[in-house]
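Spelled out from the first residue to the last, the chains are:
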Amino acid sequence: MLTFNYSIWILVLPAVMFLVLGLGGKYMKPVVSGVLGTITMAITTVLAYLTAYQYFFSVGKAADGTYKAIEAFNFEWLRFTDTLHIDLGMYIDAISSMMLIVITTVSLMVHIYSLGYMKGEKGFQRYYAFLSLFSFSMLGLVVATNIFQMYIFWELVGVSSFLLIGFYYTKPSAVAASKKAFIVTRFADFFFLIGILLLSYFTKTFDFGTLTAVGAPCFSSFAGASFLGISAISWTMFLIFMGGVGKSALLPFHVWLPDAMEGPTPVSALIHAATMVVAGVFLIARLFPIYLFQTPEVLHLIGYIGAITAIFAAVVACTQTDIKRVLAFSTISQIAYMITALSVSGYDGHDGLGYMASMFHLFTHAFFKALLFLGAGAIIHAVHSNEMDDMGGLWKKMPIANWTFLIACLAIAGIFPFSGFFSKDEILAAALHHDIVLFSILFIAAGLTAFYMFRLYFRIFHYENKQYHHAPHDAGPSMSIPLIFLAVVTVVAGWLIPFDTLITADGKAFESHIDPLVAGLSIGIALVGIVGAYVFYFKKNEKPDQVATSLGWFYRATHNKFYFDEIWMFATRSIIFKCVSKPMAWIDVNVIDGFMNGLAYVSHQASEAIKGFQSGRIQQYALIYLVGALVLIVTFCGWLVAFITK
Amino acid sequence: MNILSLFVLVPILMLVAYAFCPNIKQVRAIGVIGSSIELILSVVLLFLFFAERNAGNTAEMLFTFDAVWYQAANINIHFSLGVDGISILMLMLTSVIMFTGVFVSWDMNPLPRDFFMWLTLLAIGVYGFFITTDMFTMFFFYEIALIPMYLLIGVWGNGKKEYAAMKVALMLMGASAFIFTGLLGIYFSTTVNGQHTFNLLELAKADIPVAVQLWAFPCIFVGFGTLSALFPFHTWSPDGYGCAPTAVSMFHAGVLKNLGAYGCFRIAMQLLPEGANQVGWIFIILSAIGVVYGAFCAVSQKDLKYINAYSSVSHCCLILFAILMWNKTAMTGAVMQMVSHGVMTALFFALIGMIYGRTHTRNLTELGGLMKIMPFLGVGYIIAGLASLGLPGLSGFVAEMMIFVGSFAHADLFTRIFTVLCVTSIVITAVYILRAVGKVLYGPVINDHHLELTDAKFTERIAIVVLIVGVAGIGLYPGWISEMINASLTFVH
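Residues numbered from 1 in each chain as written. Chains lettered and ligands numbered in written order. Predicted model: local features only at pLDDT ≥ 70, side-chain atom pairs only at ≥ 80, totals over all residues.

A short note on the overall build of chain B
Regarding its fold elements, chain B presents 20 helices and two strands. Oriented by its inertia axes, the alpha-carbon framework of chain B measures out at about 75 × 60 × 45 Å. By residue count, 64% of the 493 residues in chain B fall in the buried class. (Helix = DSSP H or I, 4+ residues; strand = E, 2+ residues; numbered from the N terminus. Buried ≥ 20, exposed ≤ 12 C-beta atoms within 10 Å, placed from the backbone.)

Encoded structure:
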């Protein structure tokens, strides 16, 4: 497609910037590298907007009014067999265009914000190099033309995340967190890879276009194949989903995300809130027709995993005291919302509401969650602590942070007319139509969301008037401008963008409307949550402690995140390391190697007895060996000659 | 003169030159010049090869040369040369590692001249092995490569070097007894044009009796497999690498292991298909176990070199596994993994050698926070680590994916299970790599004396950069290399 020729620069620019800053960064002044990175990201953003605009409003719509995917370009990178080859290219359709906007916008805001936030940090150039690497990888992931390209960039975002979490590499907790993030997601990617291999074995293609065509013939080869009584295609699609479970931090692979908060806060905003963690949602959305038409039972299971994660994370978020960890659990919960929304969706028209709602929520969440994180960053920057106990009464001292944070809290709580209301409302409506159980879980989670978000808000900005060493104040323009920009987006995104005409499962526009029953219920429960938070946390009082005490073990379990970290730690450290790895190393040295040494010892003793050599060990061994080998060879040769001549 | 014989001739001339130049500067000069010539030769050979292929020469082996070496009543040994795309890649790899090996051995002590001479002799063996098409000559060069190894570890190594040298020598010699037995079995059981032959190309077309294949295949596979660290014959490798001097670890892990894998597919798989068919399953099990076993052993090691030695066991077993899969995709992956593993492991050992040269310890518990002190080496180590755990964009990824996709073409449950077992290594590899990176490079500086240490010197940087370019080059643009291998695999269906 000629028209999208320029779009390749969306990938090339950040990649080049990574190399420039990575190789040449140390020869630059920090501020130069920061500005260079930011300008490049700004250009990338403009190009991404152009691409999205062109797709949605000029060339994307086919004559019949459906949005069709366009391959801007595609070239073969590595050929496996005649049918299987990894291509690299750009697949521009509704969801990838939307993701381009989300990623570039948030990334640009984070680039600008970091100019202030990371000022004076050692390794400033390295930081911007990694940001560019991440932006490149994430953009490459969403425009992937085939599942293997997605997997490639999937791994690359993983490593960028690893590098950025471990940015403060002299801090042991950051190093541990980066390792944990990488290994947990790698573990999930193992299943993902097996899924991809199975899928490609049966369908003989990696290509998204072929795979997601409705009624794709390539799935016929799955017929009859099964393993342990479950059909091969269900296994395949479930394994692929497992990759998403890891990246999107769903149960039980969510353990890496709260720890990932050890990274610089703008990184948490970009990677661990807005973009990378929604890769799992994007994956399911990308393969949605396969899940829906080939393996509806897996899609159903996904919905339940999502719903359980949503409520689990919401409960845990209520008891955390580190503000970034509250936001991390909130992210887990919201992503689970999106995943569940996909499972309660059909394909055509209004039936596909869940799909649209999921993408809608992904979009709005990216902005308000990035805003929350950047706001939290401004607060942490001002009070030099992550803990709620070190905060309080900041509303007067940091007005910009206060207002923008409040807007984001209202959005995530689902209060009209902020963006989160619209997207969450659609999700709940879709759930209500498909599965009442899922709806109930999500509905309760919505109330909890409002509660813990306002607990967070009140604890930071009201609660009590703390005395600070340095009077906290709003940060400079490079940090405030992104906050204000994202706040504006958070206010308008819900009603300004006609998602139901742009991003739908089947590419056709449909009419979605706000269901007054669902809207009333969801605002109602949100208000209950907010009022609850107000009662407990607006002014310092004894009630939270009393409730915590009365809840007893349940509170302790929640506070300890239901011991998932401990379970994982036990499984890896005590079982895998102590009971598998250590014994194997022991066996290697003592049994296998011991056997070889024993062999050498025996032959040494034998030779000692038989030949009585007096010279050094070296010759002895060599001779023993030679004699042995010769005997062996002569015997075999004799046998062979006999064998041949007979 | 045949271009291939130059590969052996140049090191021989180097040996002569070394003999006359006792001065350390001259020794270094000879090393750099000689290895550069080899490097240029291998690149020239690559282009000549492409030129020939483009000109429509479809012969299996190019640049062939044949001279009778020894002929008697029943003995028919030729010095026959010839290369295809795979052997050219191996020659290039050898040249790269020899070139970088000279730079990492810049300050070799004691007896630098002798060290370089033995190293060159080792190279003669390896080059000779990869250019011949005669099994006996191949074996001859293999034996040439083995003897210097013993002395290089025994004299210039560290730790329990005598033990390690003896172990490597004995186990590999024992392995070569197996190989030789197998070779003779093939030789005497087969006649081509009324004559026994060691020539690979002729044997490939001949019918080797099934009864012979059945015992010759395991003989040869175990023999060459031992060299490639096939489980459970791998135990020479951790001690050997742990005690060997840097350049020897690089050479051994980077090239000699490939020699084993090369032998496995050129002789065992290609000549003995029926043997592979019937007893190959044993080796599928062993190599798949080796992949996981090596990785798990690496997880609990404390010595950096041992971590990478076990890691190398794991990666090499994957090569053998892929060879046993015997389809074009997996075989292409196997050869790519040979190249990738060679460059990557050489990079690892070079870096570990440099770190050890500075800190005088390789123990994880005594190292920490080196990233801050020696960022160049630190970044190099991370790149090597990421290549090892299969990060896209670096060489390990493409090779592993090729192997996995190729292995998945076998739909039977048996192969599936062992393939999945192999795939688990991508997780375990991540664990031990990140464990080492987190401990050695990240975190606070443990030993204050380390704060005074310096980053890589110029000569060291040359070696590191060349190897990193290799790792990244294959990873970013794997197309030409896979095409080249694929085109050479005419014997795989």
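Resuming the write-up.
Describing the interface of chain B and chain A
On the chain A side, the residues contacting the 48 residues of chain B number 47 residues. Elements with a contribution of two residues or more to the side of chain B that touches chain A: α6 (161–189), α11 (273–299), α14 (370–373), α16 (395–408), α17 (413–423), α18 (425–441) and α20 (479–488) of chain B. For the side of chain B that touches chain A, the element with the highest residue contribution is α6 of chain B, accounting for twelve residues. Taken together, the residues of the side of chain B that touches chain A sort by class into 32 nonpolar, 15 polar and one charged. (Contact = placed C-beta atoms within 7 Å. Nonpolar A, V, L, I, M, F, W, Y, C, P; charged D, E, K, R; others polar.)

A look at the pairing of strand β2 (residues 76–83) of chain B
Residue and element names in this part refer to chain B. Pairing of strand β1 (residues 62–71) with β2, which is carried by seven bridges, proceeds in the antiparallel orientation. Paired with Q71 across the two strands is N76, which belongs to β2. Connecting β1 to the antiparallel partner β2 that follows it, the hairpin turn spans four residues. (Pairing = 2+ DSSP bridges.)

Points about the packing of helix α3 (residues 85–104) of chain B against helix α10 (residues 246–271) of chain B
Residue and element names in this part refer to chain B. The geometry of α3 relative to α10 is characterised by a closest axis approach of 8 Å and an angle of 170° between their N-to-C directions. Between α3 and α10, the interaxial angle falls into the category roughly antiparallel. Taken together, the residues of α10 that come into contact with α3 (itself represented by M90, L93, T94, I97, G101 and V104) are T246, A247, M250, F251, G254, V255, N258 and Y262. In terms of residue class, the contact of α3 with α10 is built from nine nonpolar, five polar and no charged. (Axes fitted to C-alpha atoms, helices over the stretch in contact; angles between N-to-C directions. Parallel < 35°, antiparallel > 145°, perpendicular 65-115°, else oblique.)

A word on helix α21 (residues 516–537) of chain A
Residues and elements named next belong to chain A. Over its 22 residues, α21 runs 31 Å from end to end, which matches the ideal 32 Å to within 8%, given 1.5 Å per residue. Considered for burial, the residues of α21 that qualify are V518, S522, I525, A526, G529, I530, A533 and Y537. The buried residues of α21 occupy an angular sector of 140° when projected down its axis, which confines them to one face. Along α21, exposed side chains directed more than 90 degrees from the buried face belong to P516, L517 and G520. Buried-residue contacts for α21 involve α16 (399–413), α17 (419–434), α18 (436–461) and α22 (543–551). (Expected span 1.5 Å × (residues − 1). Arc of directions from axis to C-beta.)

Some words on the environment of V175 of chain A
Relative to the elements of secondary structure, V175 of chain A occurs in helix α6 (residues 172–203). In this structure V175 of chain A comes out as buried when scored by C-beta crowding, with 23 C-beta atoms within 10 Å. As for V175 of chain A and A260 of chain A, which are separated by 85 residues in sequence, their C-alpha atoms are 9.9 Å apart. Dropping the residues within four chain positions of it, V175 of chain A is found in contact with G166 and Y169 of chain A together with G438, Y442 and G443 of chain B.

Comments concerning the environment of L146 of chain B
Residue and element names in this part refer to chain B. Its place among the elements puts L146 in helix α5 (residues 135–156). Using a count of 19 C-beta atoms within 10 Å as the deciding quantity, one classes L146 as partly exposed. Once the C-alpha coordinates of L146 and A169 are considered, the two residues, 23 residues apart in sequence, prove to be 6.9 Å apart. Aside from chain neighbours lying at most four places away, what touches L146 is A169, L172, M173 and S176.

Things to note about the confidence of the model for chain B
Scored by pLDDT, chain B has a mean of 88; 100% of the residues are at 70 or more. Overall fold confidence (pTM) sits at 0.91, and the ipTM for the predicted complex is 0.92. (pLDDT = per-residue confidence, 0-100.)

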